[in-house]
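# Geometric and topological summary
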Number of protein chains: 2
Amino acid sequence: MRFDPASLAYDDKGLIPAIAQDAATGEVLMMAWMNREAVEATLETGRVTYWSRSRQSFWIKGETSGHVQRLVDFRYDCDSDCILVTVDQTGPACHTNRRSCFYRAVRDGETVELMAPMG
Amino acid sequence: MRFDPASLAYDDKGLIPAIAQDAATGEVLMMAWMNREAVEATLETGRVTYWSRSRQSFWIKGETSGHVQRLVDFRYDCDSDCILVTVDQTGPACHTNRRSCFYRAVRDGETVELMAPMG
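Residues numbered from 1 in each chain as written. Chains lettered and ligands numbered in written order. Predicted model: local features only at pLDDT ≥ 70, side-chain atom pairs only at ≥ 80, totals over all residues. Heavy atoms only, no water.

### Here's the deal with the interface of chain A and chain B
Listed per partner, the contact involves 41 residues of chain A and 41 residues of chain B. Summed over both partners, the interface of chain A with chain B comes to about 3,400 Å²; 54% of that surface belongs to carbon and sulfur atoms. A salt bridge links D12 of chain B to K13 of chain A, with the nearest nitrogen and oxygen atoms 3.8 Å apart. There are 28 residue pairs in polar contact (both at pLDDT 80 or more) connecting chain A and chain B. Breaking the side of chain A that touches chain B down by element, the ones donating at least two residues are β1 (16-22), β2 (28-34), β5 (69-76), β6 (83-89), β7 (104-107) and β8 (110-113) of chain A. (Contact = heavy atoms within 4.5 Å. Buried area = accessible area lost by both parts, 1.4 Å probe. Salt bridge = Lys/Arg side-chain N within 4 Å of Asp/Glu carboxyl O. Polar contact = N/O pair within 3.5 Å; in protein donor to acceptor, adjacent residues only side chain to side chain. Helix = DSSP H or I, 4+ residues; strand = E, 2+ residues; numbered from the N terminus.)

The following block contains the structure:
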């Protein structure tokens, strides 16, 4: 069946959460938001493109940092209200220079850091 | 540093997205929402607990279906506005009886199904 980006369930701001997972290792790298146009751009260009809520503009991941996300597979969930992209990630995905944004864990009630910024 | 569930960045509805990942295989199983009380319950009980937006009530995953998510690790991201729980998932995570909610992919513009319901 032909996929229609308009068929996804966007929220009242026109956005849908998108999880980025390393296609090779399975590591969850980050979560950000797309709108319909970002979904279309991601599928058309193979460069993962988000909508930046803070800047209110398109955010072609890696465009300024060089930390590009090349799309490997584009998936969506049962309710069509969440996207999972598996990606080939160049360098760190996180703006703190860590490989993943999920670098903190809660263990025995304490926050612990799981990884250091990349060199 | 002591973790305070109130320190997470909840949205204007008091919710934060939570991604569930199979701790053993790395498979991304689902995404749902938590509020502060669901975060506290998840950490205190070791049973992953969401806030159901449709039912407007707590949703202890597997309470009715038996498809329990036992918490393995609780992580959160750089902006403190997304949670990643790694879990020990009993049976399917998806209400369609599939292991993962992300069972559809877009390939060459077509939607393809990646997995069948569990037997």
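And the narrative resumes.
### Some points on the UniProt feature "domain: Phosphoribosyl-AMP cyclohydrolase" (unreviewed entry) in chain A
Sites flagged by UniProt as "domain: Phosphoribosyl-AMP cyclohydrolase" (unreviewed entry) map to residues 30-103 of chain A. Between the first and last C-alpha atoms of residues 30-103 of chain A the distance is 10 Å; the span itself is 14% helix and 38% strand. (UniProt positions renumbered as here; feature names shortened; annotations may be inferred.)

### With respect to the packing of aromatic side chains
This model, assessed by the stated rule, comprises eight aromatic pairs over all chains. On the numbers, 5.3 Å between centres and 45° between planes, the contact of F3 of chain B with Y76 of chain B is tilted. One end of the pair, F3 of chain B, is in the segment before β1 (16-22); the other, Y76 of chain B, is in strand β5 (residues 69-76), and 73 residues separate them in sequence. Within the aromatic cluster, the residues linked to one another by ring pairs are F3, F74 and Y76 of chain A. Just above the ring of Y103 of chain B sits the side chain of R98 of chain B; from NZ or CZ to the centre is 3.8 Å. (Phe/Tyr/Trp six-rings, centres within 6.5 Å; stacked < 30°, edge-to-face > 60°. Lys NZ or Arg CZ within 6 Å of the ring centre and 35° of its normal.)

### With respect to the confidence of the model for chain A
For chain A, the average pLDDT comes to 97, and 100% of its residues sit at 70 or higher. Here the prediction assigns the complex a pTM of 0.97, and the interface score ipTM is 0.97. (pLDDT = per-residue confidence, 0-100.)

### A word on the UniProt feature "binding site: Mg(2+)" (unreviewed entry) in chain A
Mapped onto the present numbering, the UniProt feature "binding site: Mg(2+)" (unreviewed entry) falls at D77, D79 and D81 of chain A. Inspection of the secondary structure assignment puts D77 of chain A in the loop between β5 and β6. According to the relative accessible area criterion, D77 of chain A is buried, its value standing at 2%. Not counting residues up to four positions away in its chain, the partners in contact with D77 of chain A are C82 of chain A together with C101, F102 and R104 of chain B. Mapped onto the secondary structure, D79 of chain A falls in the loop between β5 and β6. What D79 of chain A contacts, discounting residues up to four positions off in sequence, is A9 of chain A together with H95 and R104 of chain B. (Buried < 20%, exposed > 50% of the residue type's maximum accessible area, 1.4 Å probe, protein only.)

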